[in-house]
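These are the residues of each chain, in order.
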Amino acid sequence: MAKILDVYCEVLKAAIAVCLAAMVVLVFSNVVLRYAFNSGIAVSEELSRWLLVWLTFLGAIVGLRQHAHLGVDTLVRALPPRGRFICFVISYLLMLYADWLLTLGSWKQAVLTFGDAAPASGMSVGLFFYSSGLVFGVSAAVILAYDLFRVVTGAASEEELIAVKESDEHA
């Protein structure tokens, strides 16, 4: 499972790079066209905004997998191992609950706005915009559940997951 998640994150990193490159090309081209030729690309601003949303959600998935999100663990580190374990399990259950809420909200918005066309591009708002929350929600649920399963079954300790985070900070 870890190998599948790692390959998935590598694909997401490539998608993030494509999103960023497309944003740069769209915005730069639009600026040049506006200043040099007094024209522009009508869908540039809309597509750039959507690409930024996708880039953010995809980056959050990669960050979640690498345990790179910010966390305050000063109090947790002062607890005995059993207390750290309990805090870890509770925090992951809370993250799974928050992820469920985000996924459910994204699903409802995607369904609600599926037939709505974006003003400049005419693309479906639900399909191309709110689906980014769905992709994040499902991916995050798998990553969180996998990490929680590994700790609960003893395949990994919560210290191991915290150590991964610390090694990323010093790299």
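Let me sum up the structure you'll find in this document. Computed from a prediction, not measured in an experiment: that's the story for all the values here.

How each quantity is defined
Position labels on residues start from 1 in each chain and follow its written sequence. Whole-chain, interface and lining totals are the exception, using all residues; otherwise, since this is a predicted model, local features are given only for residues with pLDDT of at least 70 and side-chain atom pairs are given and counted only at 80 or more. Calculation of side-chain values draws on the structure's entire complement of heavy atoms; hydrogens and water are dropped beforehand. A helix here means a DSSP run of H or I that spans at least four residues, while a strand means a run of E at least two residues long, and both kinds are numbered starting from the N terminus. The size measure is the radius of gyration over C-alpha atoms, and the globule rule it meets is 2.2 Å times the number of residues to the 0.38 power. Buried residues are those whose accessible area, probed at 1.4 Å on protein chains only, stays under 20% of the maximum for their type, while exposed residues exceed 50% and partly exposed ones sit between those limits. Contact between two residues is taken to exist if any of their heavy atoms lie within 4.5 Å; hydrogens are not considered. Where accessible areas are quoted, they stem from the Shrake-Rupley method and a 1.4 Å probe; at the residue level, only the protein chains shown are allowed to cover. As used throughout, the charge tally considers Lys and Arg to be positive and Asp and Glu to be negative, leaving His and the chain termini uncounted. Where a charge lies is defined by one atom per residue type, namely NZ (Lys), CZ (Arg), CG (Asp) and CD (Glu). Think of each axis as a best-fit line through the C-alpha atoms, taken over the contacting stretch in the case of a helix, with angles from 0 to 180 degrees between the N-to-C directions. Under this scheme an angle from 65 to 115 degrees is roughly perpendicular, one under 35 degrees roughly parallel, and one over 145 degrees roughly antiparallel; angles in between are oblique. Here a crossing is called left-handed whenever its near helix is offset anticlockwise from the far helix by less than a right angle, and right-handed whenever the offset is clockwise. Only buried Ala, Val, Leu, Ile, Met, Phe, Trp, Tyr and Cys residues count toward a nonpolar core, and they belong to the same one when joined by side-chain atoms within 4.5 Å. One less than the number of residues in a helix, times 1.5 Å, gives the span that helix is expected to have. The quantity called bend is, for any residue, the angle between two axes fitted respectively to the seven residues ending at it and the seven beginning at it.

When helices and strands are counted, the chain shows 6 helices and 0 strands. Sequence-ordered secondary structure for the chain, helices as α and strands as β, is α-α-α-α-α-α. Computed over its C-alpha atoms, the radius of gyration of the chain comes to 20 Å, more than 25% above the 16 Å expected for a compact globule of 171 residues. With the C-alpha coordinates aligned to their principal axes, the bounding extent of the chain is approximately 65 × 40 × 30 Å. Relative to its 171 residues, the chain shows a buried fraction of 33%. Pairs at least 24 apart in sequence give 73% of the contacts found in the chain among residues at least 6 apart. Surface exposure of the chain reaches about 10400 Å², of which carbon and sulfur atoms provide 73%. In the chain, 11 positive and 14 negative side-chain charges are present, and the distance between their average locations comes to 1 Å.

What follows concerns the packing of helix α1 (residues 2-37) against helix α2 (residues 44-65). At a closest axis distance of 9 Å, the pairing of α1 and α2 adopts a crossing angle of 155°. Classed by the angle they form, the pair α1 and α2 counts as roughly antiparallel. Relative to α2, the crossing made by α1 is left-handed.

We now examine the nonpolar core. When a protein is soluble and globular, its nonpolar side chains tend to lie buried together. By size, the foremost hydrophobic cluster in this structure holds 25 residues, and its most contacted members are Leu58 and Ile61. Of all the secondary structure elements, the ones that give two or more residues to this core are α1, α2, α4 (81-112) and α5 (125-153). When residues in this core are grouped by element, the largest group, 8 residues, is from α2. Setting aside its immediate chain neighbours within four residues, Ile61 contacts Tyr8, Leu12, Val135, Phe136, Ser139 and Ile143.

Taking 1.5 Å of rise per residue, 29 residues should cover 42 Å, and α5 covers 41 Å from first to last C-alpha, within 8% of that figure. In α5, a bend of some 45° at Ser131 exceeds every other bend along the element. Of the residues one or two after α5, Gly154 is the one with positive phi, at around 90°.

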